[in-house]
Amino acid sequence: MAKSPDPERLEILQGTLDMLILRTLQWGPRHGHGIGQAIATHSDELLKVETGSLYPALHRLEKRGWLASEWGISEANHRAKFYRLTAAGKAQLAREQDRWSQFVHAIGRVMNPAKAGKD
Amino acid sequence: MRPDERDLDDEIRGHLAISIRERIDRGENPEAARLAALREFGYVPRLRDEMRRVWYSRGSDAMLDLASDVRYAVRALVKHRGFSLTVIGVLTLGIGLNAAVFTMVKGMLLSPLAGVANSGRLVVLYGETSTGRQLKLSYPDYRHLRDSNDAFVDLFGSSLVTINLGRGKDARQLSGEVVTGNYFQALGVRAQLGRTLLPSDEATPGQPVVVISDGLWRRDLGADPDIIGRTIDLNNVPLTVVGVTDPSFHGTIVSYDVEVFIPVTMTPQFRFNFERLNSRVAPAEILSDPYTYILSPHGYLRPGMSLAGAAAQVDTIWAARAGERVAEESPQQLRLSRFWNAPTGGQGFMLPTLMVLSAMGLLVLMLACANIAGLVLVRGLSRRGEIAVRLALGATRARIVRLLVIENLVLAAPGAVIGLLLAWRSIPLLVGYAEQMAAPQRIYFNIDLSSLDLTFTAVVACVCALVFGLVPALQSSRISLVSAINEDASPRGAARNRLRTGLVVAQVAVSLLLLVGSGLATRSVEAARRADPGFDGDRVAAIHFDLKQNGYDEARGRAFYEQLLAAARLDPALEAVSLAQYTPLALIDSRMQRVAVEGYAPRSGEDLSFMSNTVAPDYFRTLRIPLLAGRSFDDRDDEAGGRVVVVNHTLAERFWGSADAAVGQRIQITGSDWSTVIGVVADLKYSRINEGPRPYFYQPLTQHYRSAMILHARGTEAVDVVVERARRHVLAVDPQLPILGAKPFVQDTAGAFIFYDLTAFMLFIFGAAGMLLAALGTYGLVSYTVRQSTQEIGIRMALGAGRFSVVRGFLARGLRLGALGAVLGVAAAFLLGGLLRHVLFGVSATDPVSFTQALALVFGVVTAASIVPAWRASRTSPLNALRHL
């Protein structure tokens, strides 16, 4: 039943979706569809978020207080739920960005020990 | 803020709208855009579920799923009403029977005594002679033990006695306990009025006080609120009522309803007939004689004390004391046992019965489960389509198995509830049945439904649901999508066939086991009823009285007996009359007496204590007990004449080789002179219908005066007329004498049959339930197998096979399975037969008749189940059968 994945497309790393959502919302409130689009656009269409993961993630973040939501009218004149970053969400984004940098760094050292050794 | 369902839907709808709009803007046609957007979105309900799940904690999330599964299950089961009702019916039967048995077993093991907390932990002490005979303890022994042990919190003693309440015509017999002063305190039983007995009542000998049961207070004393301080007459002794026990308390003798509690130190005033070896102990010596065994000591172990530890301590205490006395007549060893498996009291005969019933209950339940597993399996086939769709929509196998299991639990729940109700309603019925059979003696069973039974039933129901549901559920979930899409609904999986075959074989085996069990039980009851007890009690009246109750001394008593017998003998309507102290088949070993045989040197440790009876002339003629040699008692055997005795056949053979050789020999009963054997009579069943031959002897009333006797009168008319006639003869001699019982003789011996009747009755119910289940289940499965082969039948017939050969083929297949099950069942019945040994009478556990009956029934069912559907299938036209190929 599952479609064969686009060979060009990258799987979103587990645990990074939350960070991507938070980051996307730094540019201002968006509805779910817009967030998905934004992630795709900003990643040069390399990352594609499945709706099946996006919406549960949005609700999860809202529940934890990192996002707030309100109903509004979309550009296409549809009722849509807009999410925005809360103060706590901003702090969380900062934390996740730090962790991500550390993570990238660490992975880099493992994958490229010669270069890392000179660090 | 937690979004509600509408919010979730709106959000999804919004997303789709935007997505569709974008696609249309890009130039796609609206319909294609809509489909693409939907495809991209995925399975909406699942997404909504997941979003919702975010907002609910893990637990309530599972609850949510559970609730929807349960809802779905209920809907599905309501839709398939026939299936559901069948399963509920089958389960009700299985669970109900088990709940009933469990309630009884629990009552026996955990709380054998009503109104006593923790009575399951009570420990009983009893003595054993060097020959292994079990004895109670004498009062001095009890006191010694009580005062020198520290294994028990408090050691109390009690003994069951039969007492007459009231005087004159209104007197009646009831069960009482003589108890030590610490009895109520040790048991933790309170008085609802007044006080219980106290150690001070024991310390002061001859305190004329009594505590009565709630039942006695309400039934006989009109629940008189001022009862405390009043006196009641027990065995003609006025006793002051000091208390009424808690309504829940019925004494400590299993299956007896004890109505009065008397301090043990009052026993000298009462002249109870205690089991003892000395033939005569002066009443004043009852409490000091070390050979008068009147008390059964009970107690709770101290915290931290084990049964073995207590036994070791008691052994040490006893070692010094036992050696001083005659080894065959006194307790040489003290034994400890938990109350529920003590060899004394009602436990002894209840326990084997309950074990058999438990085993039968389990079999019925197994059968029920196998039955339902078959039904669920068959139903699983018709649901293959549904399950395939669920799998295709992305449901996981675990989820489907869970749904099916929940469905089975939902299915099991009503069965459990109705089963429990059934047990709850049927237990009083059963107990009532037992009480009715035991009438006029009052009996009492501590059986009530508690939360423990509810738990047990719930657990049984769940286990059942898992057992009957899980295997078929796993099978159903293992559907390949390909075959489901091809709509191939025919059950060709080898595993499925194996399971079904296994179920048929198991059902045949288990039902055979049940049928054999109930067949054996039914036949043993028939045997017990047909068994020759050695006497003929038809048309014999038994009138009980005790001359002491009207103040007779021995001289006046002798005159009374002479006058009574003389008058009754003149009555033309009475064929024969006599007097005896005991009736046979009374379930107790009446009066064991130790004897010495002239010229016989007993082997060391040989037990020469035998049961005996005291009778008037004509006793053997009255009960039609054959005289084998010599003569019966007559008027020659008076006080002046030499002491004489009549022995039974077993005793004569044991010591002298034959009946004829016994006449003229002499035996000495401990405490009296040598007696000459004047006659030998045939054996009877003396206390139980299933006892083996045992030595027994009779002493003449004229040489051994007793005040409590039973007039036996054989008449020519209906027994009720005879009873009335006999009663009038007694009252004609003394109109003031209390008649303690006037009833047909066979009523006195009916007690010996109660437990056979009860056990057989229950085994019959279990057998009937098992047979019903087995017939239904076997028929259902076998006929289903045949129905599944409709196509095969079609092909065969299309190829020219005759109807008979088709049917024959299926019959052979069915019989093969039946034979396999039967072999297993018979083997199991042989192995488990030993369990039944204790409750069987007159049939062996391998009784061929019972086995044949069971086999015939089982094969009858299998044959019918194979032939009927095959015949029906063979009548459908081959074309019709082949159409779905």
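Everything numeric here is computed off the predicted structure, so don't read it as measured data.

**Comments concerning the interface of chain A and chain B**
- Across the contact, 24 residues belong to chain A and 22 residues belong to chain B.
- Summed over both partners, the interface of chain A with chain B buries about 2100 Å², with 60% contributed by carbon and sulfur atoms.
- Together, His33, Tyr55 and His59 of chain A form the three largest contributors to the area buried by chain A at its contact with chain B, with a combined 27%.
- Its salt-bridge partner being Arg79 of chain A, residue Asp10 of chain B comes within 2.7 Å of it at the nearest N-O pair.
- At the level of elements, helix H2 (32–42), helix H3 (51–63) and strand S3 (79–85) of chain A are the ones that each hand at least two residues to the side of chain A that touches chain B.

**Section: the pattern of salt bridges**
- According to the stated counting rule, one finds 32 salt bridges over all chains in the structure shown.
- Measuring nitrogen to oxygen at the nearest pair gives 3.7 Å for the salt bridge that ties Glu62 of chain A to Lys81 of chain A. One end of the pair, Glu62 of chain A, is in helix H3; the other, Lys81 of chain A, is in strand S3, and 19 residues separate them in sequence.
- In this structure Glu62 of chain A comes out as buried when scored by relative accessible area, which is 11%.
- Here Glu28 of chain B ties to Arg23 of chain B by a salt bridge, and the two come within 3.8 Å at their closest N and O atoms.
- A residue is classified by how much of its surface remains accessible, and Glu28 of chain B, at 28% relative accessible area, is partly exposed.
- Exposure remark for Arg23 of chain B: the relative accessible area of 13% places this residue in the buried category.
- Salt bridges sharing common partners tie together Asp536, Glu575, Arg624 and Arg714 of chain B.

**Focus on the sheet that holds strand S1 (residues 30–31) of chain A**
All names here are of chain A.
- Within the open sheet, the three strands sit side by side as S1-S3-S2. Their pairing is antiparallel. One side of each edge strand has no neighbouring strand; the edge strands of this open sheet are S1 and strand S2 (67–73).
- Where S2 and S3 come together, seven bridges link them in antiparallel fashion. In the sheet register, Gly72 faces S3, and the bridge partner there is Ala80.
- Across the sheet, helix H1 (residues 17–25) touches S1, S2 and S3, and the angle it forms with S3 is around 95°.
- Against the sheet, H3 makes contact with S2 and S3, and its axis sits at roughly 50° relative to S3, the strand it touches most.

**Here we look at the packing of aromatic side chains**
Residue and element names in this part refer to chain B.
- By the definition in use, this model includes 26 aromatic pairs over all chains.
- Measuring from ring centre to ring centre gives 5.7 Å for Phe545 and Phe560, while their planes differ by 65°; the resulting arrangement is edge-to-face. A residue pair is termed long-range when its members are at least 10 positions apart, and Phe545 in strand S15 (residues 540–546) and Phe560 in helix H18 (residues 554–570) qualify at 15 residues. For the residue pair Phe545 and Phe560, the accessibility class agrees, reading buried in each case.
- Members of the aromatic cluster, each reached through a chain of ring pairs, are Tyr619, Phe620, Phe633, Tyr686, Tyr696 and Tyr698.
- When the ring centre of Trp871 is taken as reference, the NZ or CZ atom of Arg803 above it lies at 5.1 Å.

**What about the confidence of the model for chain A?**
Residue and element names in this part refer to chain A.
- The share of residues in chain A with pLDDT of 70 or more is 82%, and the mean pLDDT across the chain is 81.
- Mean pLDDT across the elements of chain A ranges from a minimum in helix H5 (residues 113–117), with 58, to a maximum in H1, with 90.
- Confidence drops under a pLDDT of 50 for residues 1–5, and excluding neighbours within four residues, the segment shows two contacts in the predicted structure.

**Examining the nonpolar core**
Residue and element names in this part refer to chain B.
- Ranked by internal contacts, the top residues of the largest apolar core, which has 91 residues, are Phe261 and Phe468.
- A per-element tally of this core places helix H12 (residues 347–382) first, with 15 residues.
- Ignoring any residue separated from it by four or fewer positions in sequence, one finds Phe468 in contact with Leu91, Cys369, Ile372, Ala373, Val376 and Asn408.
- In terms of nonpolar packing, the next biggest core, distinct from the first, is built from 29 residues, Phe620, Val644, Val646 and Phe745 among them.

About the cut-offs
Residue positions are counted from 1 within each chain, in the order its sequence is given. For naming, the first written chain is A and the first written ligand is 1, with later ones following in the order written. Note on the predicted model: pLDDT of at least 70 is required for a residue's local features to be given, and 80 or more for side-chain atom pairs to be given and counted; whole-chain, interface and lining totals, by contrast, use all residues. Hydrogen atoms and water are omitted, and side-chain values are computed over all heavy atoms in the structure. Contact between two residues is taken to exist if any of their heavy atoms lie within 4.5 Å; hydrogens are not considered. A 1.4 Å probe defines the accessible area here, and the buried area is the portion of it lost by two parts on being joined, summed over both. The salt bridge definition used is simple: a Lys or Arg side-chain nitrogen within 4 Å of an Asp or Glu carboxyl oxygen. Labels follow the DSSP assignment, with helices taken as runs of H or I lasting at least four residues and strands as runs of E lasting at least two, numbered in each case from the N terminus. Burial here depends on accessible area, computed with a 1.4 Å probe over protein chains only, as a share of the maximum for the residue type. Under 20% is buried, over 50% is exposed, and the range in between is partly exposed. Strand pairing is assigned whenever DSSP detects at least two bridges linking the two strands. Axis lines are fitted through C-alpha atoms, for helices just across the contact stretch, and the angle between N-to-C directions can take any value from 0 to 180 degrees. Each Phe, Tyr or Trp ring, with Trp reduced to its six-membered ring, pairs with another whose centre is within 6.5 Å; inter-plane angles below 30 degrees give stacked pairs, above 60 give edge-to-face pairs, and intermediate values give tilted ones. For a lysine, the NZ atom is tested; for an arginine, the CZ atom; a charge sits over a ring if that atom is within 6 Å of the ring centre and within 35 degrees of the ring normal. Across the chain, each position has a pLDDT score giving the predictor's confidence in that residue, from 0 to 100. We define the nonpolar core as a collection of buried residues of types Ala, Val, Leu, Ile, Met, Phe, Trp, Tyr and Cys that are connected through side-chain atoms lying within 4.5 Å of one another.

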